[in-house]
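Residue strings, one per chain:
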Amino acid sequence: MMPPGPLSGLIPGQMMDRPLLVAPLMRFAGDYHGDTAVVTRSVEGPIHRTTYGETHRRVQKLANALKALGIKPGDRVATLAWNTWRHLELYYAVAGIGAICHTVNPRLPIEHMRLILAHATDRLVFYDTTFTELVAGLKNSVPCVEQFIPLCDAAHAPSDPRLGDVLAYEDLIAPHAETFDWPEFNENTAASLCYTSGTTGTPKGVLYSHRALVLHSYSMVSSSRMTVDDVILPVVPMFHVNAWGVPYAAPMVGAAQVFAGRAMDGQSLFELMDGEAVTCALGVPTLWMGLLTHMRSAGRKPKGLERVVIGGAAAPESMIEAFELEFGVEVNHAWGMTETTPLGVVNTLKPKFKALSQAERTKLKSKQGRAIFGVDLRIVDEHGNALPHDGVAAGHLQVRGPWIIQSYFKHDARALTADGWFDTGDIATLDGDGYMHITDRAKDVIKSGGEWISSVDLENAALGHPDVAMAAVIGIHHPRWTERPLLICVTKGAARPTLAEINDYLGRKVPKWWLPEAITFVESLPIGPTGKIQKVKLREQFKDYRFDA
Ligand code: AMP
């Protein structure tokens, strides 16, 4: 079909009009990379090993089982699950029959969970047995859900009387044939559903189409340089934006996949990566802190580890340096959102920057990433006027592209500006080489004397201080400057730097007028369901804070 447009006289191309669908990704991996490994540290404990060949067979059994349960195209099927081979099977079987795989974040408050299961009207919930208690709490309060199915075999099925009769996943799929004729349908059909984490208010559903997921995978493998030689560990959960799309992208190139189950502490990750010779792992900075601590105590990197992709929150320079200088592991910073499937930019160095000094390279790598084909980027001022791409002007980051949201699930209105861009809620700079640097969330930005101070840059600079383990910066009302930064720190040990000491350190990294007005220490910072510091909670906690006169 020709796209609508003002041009007349266009001639249609004469190539096949084959839909971009998700199921063929696993069929491809099953057919041509049938002996490639899919390894999981199972929720039950032991390491579980399978292959793409076996996975595709089991996906087909599951597709038959779902049909036998009466799941129809368009129905929603939820998961409450860690990263495992069974969760991977659900991704493909549910989407493959034209239904929608709704990955629920188990770390959400239970009221949010009830809200989104009801909003999505999920018919089935597949859950890992670690969430049995949660499921008991949900069971009678979400009437749309017909069945809760534990992801295990009969021997491991929960026997909690509150759950009634339970059919274990393995028993569900066992009787079914391992062949399935994958239907073909319009590529704009919905395949999966993920609700935003609530950091931006009430959770809203983002409904990914098959087309978006396949195009995103093409982009992911090229921009993140995934190949058949890779063994990929998405530490990022499969309930957080489809594990950044890795479960779709890895089969596209026949890369092996390793799943961490629920064990995401530094030692468990190290052992798994080391044992499976993982080449590339992806996750949020808080997870990497745990791994780095373990790497330091082991005095080495996990065998085979070549690179880590850090996204979801800003990668501090100290973390980039630790991976690259101490352990020879390349860091690729990346930025994205639930609404962007999530790949938006990935930081790889252009050849001309490879000769930079290490310090300059680290600085460049701390930018969130470089533009990739398929995601148009622009920055605008508060009136919507385009700002220059000079690496200096900071404005509201807006994006556009085939894997960017158009409207939220069950919302009629488009979630876009009048001229068709999605406003990310982030404030960023862009330079002429396409490197994008997030300076803040729009609502986190600190307005001091009419200028903006980047809380993200201040936090990252503070994290380089030897005594600081975690840092968050928020704006506090100031009678003269409107707002000034308050630095909230968790220290590594008993030593607590004074404001003068910390500012002496920060003053070498950020402009003097950015320096925190005060520093305060806490035992821990509030971490949200996707591993990010919750500034909303901090602002609430410190709402009565006043700087000394
Ligand atoms: P979510 O939809 O929960 O994945 O959150 C998306 C938000 O996380 C973005 O709008 C950014 O504010 C933030 N984010 C993601 N990646 C980065 C990054 N590399 N640096 C800074 N912030 C990031």
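Structure shown above.
All chains use their own residue numbering, which begins from 1 and follows the written sequence. The predicted nature of this model means local features are confined to residues of pLDDT at least 70 and side-chain atom pairs, given and counted, to a pLDDT of 80 or more, with totals for whole chains, interfaces and linings taken over all residues. Heavy atoms from the whole structure form the basis of all side-chain values; hydrogens and water molecules are not counted.

Caption draft 1: Region of the structure containing the pattern of salt bridges. Between Lys or Arg on one side and Asp or Glu on the other, a salt bridge is scored when a side-chain nitrogen of the former is within 4 Å of a carboxyl oxygen of the latter. For the structure on display, the rule yields 32 salt bridges. Asp160 is the salt-bridge partner of Arg162, the closest N and O atoms lying 2.7 Å from each other. Note on exposure labels: buried denotes an accessible area under 20% of the residue type's maximum, exposed denotes more than 50%, and partly exposed covers the range between, all computed with a 1.4 Å probe on protein chains only. Taking the relative accessible area as the measure of exposure, Asp160 reaches 18% and is therefore buried. For the salt bridge of Glu330 with Arg225, the shortest nitrogen-to-oxygen distance reads 2.9 Å.

Caption draft 2: Structural view of the packing of aromatic side chains. Geometry of aromatic contacts follows a simple scheme: Phe, Tyr and Trp rings, the Trp one being its six-membered ring, pair when their centres are within 6.5 Å, and the pair is stacked under 30 degrees between planes, edge-to-face over 60, tilted otherwise. Going through the model one piece at a time under the given rule, you end up with twelve aromatic pairs. Ring geometry for Trp513 against Trp514: centres 6.2 Å apart, planes inclined by 90 degrees, an arrangement best described as edge-to-face. For the ring pair Phe542 and Tyr545, a centre distance of 6.2 Å and an interplane angle of 65 degrees mean the geometry is edge-to-face. Overall, the relative accessible area of 11% leaves Phe542 in the buried class. Through pairs of rings, three or more aromatic residues link up here, namely Trp82, Phe131 and Phe239. Note on geometry: a ring has a charge over it if NZ (lysine) or CZ (arginine) is within 6 Å of the ring centre and within 35 degrees of the ring normal. The ring of Tyr408 carries the charged tip of Lys204 above its face, separated from the ring centre by 4.9 Å.

Caption draft 3: Expanded view of the nonpolar core. Counting 144 residues, the largest nonpolar core has Leu80, Phe126, Leu233, Trp288 and Phe323 as its most contacted members. Runs of H or I in DSSP of at least four residues are treated as helices and runs of E of at least two as strands, each being numbered from the N terminus. By residue number, the principal contributor to this core is helix α3 (residues 85-96), which donates eight residues. By convention here, the domain bounds are inherited from an automatic or database domain assignment. Residues lining this core come from more than one domain, with at least three contributed by each of domain 1 (17-226) and domain 2 (264-443). Contacts were defined at the residue level, with two residues in contact if any of their heavy atoms lie within 4.5 Å. Setting aside anything within four residues of it in sequence, one finds Trp288 in contact with Val235, Met273, Ala281, Leu282, Gly283, Val308, Val309, Ile310, Met319 and Phe323. What makes a nonpolar core is a set of buried Ala, Val, Leu, Ile, Met, Phe, Trp, Tyr and Cys residues whose side-chain atoms join them at distances within 4.5 Å. By size, the runner-up hydrophobic cluster in this structure holds 18 residues, among which are Ile446, Leu463, Val473 and Cys489.

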